[in-house]
Amino acid sequence: MPHGTPETPENTGRTSANGHAVDVDVVVVGAGGGGLTAAIAAAEAGASVALLEKLDRAGGNTFVSTGSIPAAGTRYQREAGIDDSPERMAEDLLRQSGGHDAEHLVRFLAKESAGLVEWLVEQHGVDLRIITDYKHVGHSVQRLHAPPDRRGASLVRDLTAAAKRLDVEVVPGNPVTGLLIEGGRIAGVRVGDPGRGGEVLRSRAVVLASNGFGNNKEMIARWIPETGAARYFGAEGSTGEAITWARDLGARLLNMGAYQGYAAVAYPHGSIVSWTTVEKGGFLLAPDGSRMGDESVGYSGFAAVVSRTTDESWVVFDTRIRDFVAGNEPEFAELVRIGGVKEADTPEGIAAVIGCPAQAVAAAIEDQRTAATARAADSQGRTDFPMGALTAPYCAVRSVPALFHTQGGVDVDSDAQVVREDGSVVPGLYAVGGVTGGLSGRSGGRGYSSGNGLLSAVGLGRIAGAAAGRRG
Ligand SMILES: Cc1cc2nc3c(=O)[nH]c(=O)nc-3n(C[C@H](O)[C@H](O)[C@H](O)COP(=O)(O)OP(=O)(O)OC[C@H]3O[C@@H](n4cnc5c(N)ncnc54)[C@H](O)[C@@H]3O)c2cc1C
């Protein structure tokens, strides 16, 4: 057994569907949002679970995310007076993404979403609240549920505590290096370097929860070359090996060209410039002070627009928007506190901060003012300015576009079991989150709706864990 795996009467002496002895019922590969949730659901179903993490600590991309999970028809929405339904959610996501290979997962997860969030909050003490101060990209009503501080680290903390209450501990420093197959079904995993004392952990089921391939240059070059210039801003562990293992077993791959980008990571501070600054009425300028397009395509779609134009850009808004966002989003408040948000009384002052012609900034602000006041489209075709015309003093943040995570991966059925090209399943092999085909279109960053990443991780995590825990 890998070092650190708790040895208990429950995780020894069991047998697989082939009649072999197993060390543990369910192995979960990766301790991010999807893996932690799968482990909780499997343990809840009565299974013994080994939750293996290759890095020194749990969390993955979930840790660095804002922890926002979309769900339609929750009691928290109803209490806030928000009318929503799974059908509306699926329509919203599909409108944003266009047609793609995983529409079945969109409809399925939209249907599961309310039960998922209520289960996390009420059964497992995960602190999630409905966000009412913005809707974010792709959603026609407020349906994102996030930790009060809007930090993925808090989501990971709560999921880890819930797993611990069910006697599941994360086992860090244990990279899974391959799958064990016997008689055509999963029989466990290989852990560590086989040449250096690596070992085998036998199980009835394996849940692949190791995210996508954002941190694998070869896979990025093969599947999503358009993101080559963008910095990868996700967690180090997303190196795509589980997708390759599943593919080697014949898994069908879906939406491999899709990804979540982000148009504006503060530079050099390295924190997200909240997109609420843009949604409320701000815009992005290239270093020469020109607009690059209509930002209402969303932060992910706009990342490619920025990447095509320039290495860096500036997010421009005003102090009303700054104070509104900082009052709701601690990470942005921190960016303000450490001086990442520059302020000036005039367009000329903002131009001096950017280092571009004053006339360019004045024209962009005037364009926004005219459109917001007349409720008409600006020069880029944008019509949405909820906080009206920008007013002095103005703000600007230097930023760069980034790749957050990949959205392509393997197909799964309604138990989150991996599906092969011929439609059959790989018995005992489950996949969740970034390992699976995403909800954001076939290719590009434009189809990403906020929360698609965690919905797939945590939503499929619950389903995979329950199925694997029930029957292996
Ligand atoms: C800055 C940022 C903000 C984001 N904000 C949001 C948001 O608010 N809402 C949203 O829905 N999405 C958001 N996303 C995307 C979201 O974080 C991911 O889609 C989601 O966290 C994926 O969850 P996961 O469980 O699949 O993977 P992860 O959380 O990345 O977990 C995978 C884990 O598996 C481990 N692992 C990898 N390979 C192995 C192996 N061979 N053996 C053992 N362990 C392994 C990794 O080290 C990692 O800990 C954001 C992403 C970023 C970068």
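Residues numbered from 1 in each chain as written. Predicted model: local features only at pLDDT ≥ 70, side-chain atom pairs only at ≥ 80, totals over all residues. Heavy atoms only, no water.

**What about the environment of Gly438?**
- On the secondary structure map, Gly438 appears in the loop between strand S21 (425-431) and strand S22 (443-444).
- Look at Gly438 and you get buried, because its relative accessible area is 3%.
- Distance from Gly438 to Cys356, taken between C-alpha atoms, is 40 Å for residues 82 residues apart in sequence.
- Leaving out residues up to four positions away in the same chain, Gly438 has contacts with His100, Ala102, Asn255 and Gln407. (Helix = DSSP H or I, 4+ residues; strand = E, 2+ residues; numbered from the N terminus. Buried < 20%, exposed > 50% of the residue type's maximum accessible area, 1.4 Å probe, protein only. Contact = heavy atoms within 4.5 Å.)

**Looking at the nonpolar core**
- In this structure, Val189 and Leu208 are the most contacted members of the largest nonpolar core, which totals 96 residues.
- The residues touching Leu208, leaving out its near neighbours within four places in the chain, are Val29, Leu179, Ala242, Trp245, Ala246, Leu429, Tyr430, Ala431, Val432 and Val435.
- Counting 47 residues, the second-largest nonpolar core is a separate cluster that includes Ala266, Ala303, Val306 and Ala344. (Core = buried A, V, L, I, M, F, W, Y, C linked by side-chain atoms within 4.5 Å.)

**A short note on unusual backbone geometry**
- Put simply, Tyr267 and Pro268 share a cis peptide bond, and its omega is 5°.
- Its location among the elements puts Pro268 in the loop between strand S14 (257-266) and helix H9 (276-279).
- Along the chain, Ala392 connects to Pro393 via a cis peptide bond; the corresponding omega equals -5°.
- With respect to the helices and strands, Pro393 occurs in the loop between helix H14 (358-374) and strand S18 (394-406).
- Positive phi outside glycine occurs at Asn211, with the angle close to 70°.
- Here Asn211 is to be found in the loop between strand S11 (199-208) and helix H7 (217-223).
- A positive phi angle, near 50°, is found at Asn255, a position not held by glycine.
- Tracing the sequence through the fold places Asn255 in the loop between strand S13 (253-254) and S14.

By themselves these figures say nothing about function.
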